[in-house]
Amino acid sequence: MIDMVDQGVEPWVCLCYGNPIYPGGGDTGLGGGLVASEEALQAWERYVDAFVRRYGEHVDEWELWNEPRTGLGKGAIQYADFVIRTAEVIRKLQPNAEILFAAGGSFHPIFAKEVLEHLKEEGKLDLVNAIIYHPYAENPDSRNDAAVKLREMAQSFAPHIGIRQGENGAPSVTGGFGAISGGTWTETRQAKWALRRLLGDLARDIPSSYFAICEMKYPDKINYKGLLAINDDKTIDHAKQGYYAIQNLASVFDNTLLRIQDLDFDVNTENADRKIELSAYRGPSGGGLITYWRANDKPGEKPDFESMKLQASNLKFEEPILVDLLTGRAYKMPLDTCKPIGQGTMFENLPVYDSPLVVVEQNEIERSLE
């Protein structure tokens, strides 16, 4: 962890799981149950105290348990009481720590609401800063609206409580282990999925992560969500297509961009039922960026390119470049496909498919390649 910080990585830590040497202490893995007995809870508090004292110099963001599967009602109250006890230990040592609680076993808005209701009843809403959720779905775009509603619900309890997409990924091979592993997956589908997940979150100002860096090998199974493939001895075999796709994304979408929240645009596609996911940004040089993709289908399900017309009424482009984040290739756009209209731009015959493309002003893409 110290080496991560030295390299400029700011980690957050998930505090979990249980310890079966204590009665009611839970187990050491997912699904082992929350720490429940008073004896085990006191031991848990000592563990949290020691952990924060040891690593608090390097970490100030703490997630309280991974995917608690206690159920609704009494189960949500049990978890809320656990959050209170744990958060109070942390706050004594780090008054300004960021404390994140889980939206149930993966992504359960009702569970999160019941936790917030109990925290409010106990006068403890100030102990938490955000809700962690894991929006697994074969089409990542299908959970975007639910995430926005989760944030609205959280902020109806307290404006300071946000959300964080804390675990989401897709496998690159069919037949593995873990969430959404039952679909038909390839490295290309995984790469498209990862781009859509991360950019969908960015467009909604949701702090986001990709799970995980490398594959996870268990004694009798493998979780293939990693961006790095592993050998049987857990050494790295190769970087997957998704690894390079996320590199492409990060080279363009860095923290110098400002999202344009009031973009005035109109989209027309070859098929009226097509749903286009679109967001826009402005770079430090003043140039615009528009990223978009066809969001109706699961990544890889309908990969063919189509044509669309895009009118951005309040975003002008002078020398637009088209970038495919999947491949990293950049294309000079023909002049007849891009026409100024007032203070904006009309794009004719713009290609669109099931993976993000970016229209970007040339001076902005040149900056990102320096």
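Predicted model, so just to flag it, every value in this text is computed and none were measured. (Residues numbered from 1 in each chain as written. Predicted model: local features only at pLDDT ≥ 70, side-chain atom pairs only at ≥ 80, totals over all residues. Heavy atoms only, no water.)

S.K.: Looking at this structure, I do not really get unusual backbone geometry. What am I missing?
M.R.: What you tend to see is this: most non-glycine residues have negative phi, and most peptide bonds are trans. Of note, the amide linkage connecting C16 to Y17 takes the cis form, showing an omega dihedral of 0°. When you line up the elements, Y17 lands in the loop between strand 1 (13-15) and helix 2 (38-55). The backbone phi angle of I180 is positive, close to 50°, even though this residue is not glycine. By the secondary structure assignment, I180 is in the loop between strand 5 (162-165) and helix 6 (187-202). Located in the positive-phi region is N349, a residue other than glycine, with phi close to 55°. (Helix = DSSP H or I, 4+ residues; strand = E, 2+ residues; numbered from the N terminus.)

S.K.: Explain the layout of surface pockets to me, please; I cannot follow it from the model alone.
M.R.: Unoccupied space between atoms shows up once a probe the size of one water molecule is rolled over them. Space inside the second largest pocket adds up to approximately 220 Å³. Along the walls of the second largest pocket sit A203, R204, R259, I260, Q261, L263, F265, I276, E277, L278, S279 and A280, which together make up its complete lining. Of the residues forming the lining of the second largest pocket, the biggest block, five residues, is contributed by strand 12 (residues 276-282). (1 Å grid on protein atoms, 1.4 Å probe; cavity = no way out; pocket = protein on both sides within 12 Å on 5 of 7 lines; lining within 4 Å. Points joined across faces, edges and corners; volume = space filled by probe spheres on them.)

S.K.: When you look at the sheet that holds strand 17 (residues 338-341) in this model, what are you seeing that I'm missing?
M.R.: Each strand in a sheet pairs with its neighbour through backbone hydrogen bonds, running either in the same direction (parallel) or in the opposite one (antiparallel). Spatially, the four strands line up as an open sheet ordered 11-14-18-17, and their pairing is antiparallel. The open sheet has two edge strands with one neighbour each: strand 11 (265-269) and strand 17. With strand direction ignored, the average angle separating the axes of adjacent strands in the sheet is 20°. Bridging between strand 17 and strand 18 (residues 344-352) involves four bridges; their strand directions are antiparallel. (Pairing = 2+ DSSP bridges. Axes fitted to C-alpha atoms, helices over the stretch in contact; angles between N-to-C directions.)

S.K.: Explain the packing of helix 2 against helix 3 (residues 74-93) to me, please; I cannot follow it from the model alone.
M.R.: In a packed pair of helices, the relevant descriptors are the angle between the two axes and the axis-to-axis distance. Interhelical geometry of helix 2 versus helix 3 gives an angle of 30° and a closest axis separation of 9 Å. Read as a crossing pair, helix 2 and helix 3 show a hand that is right-handed. Touching E38, L41, Q42, W44, E45, V48, D49, V52 and R53 of helix 2 are F82, R85, T86, V89, I90 and L93, all from helix 3. (Left-handed = near helix turned anticlockwise from the far one by under 90°. Contact = heavy atoms within 4.5 Å.)

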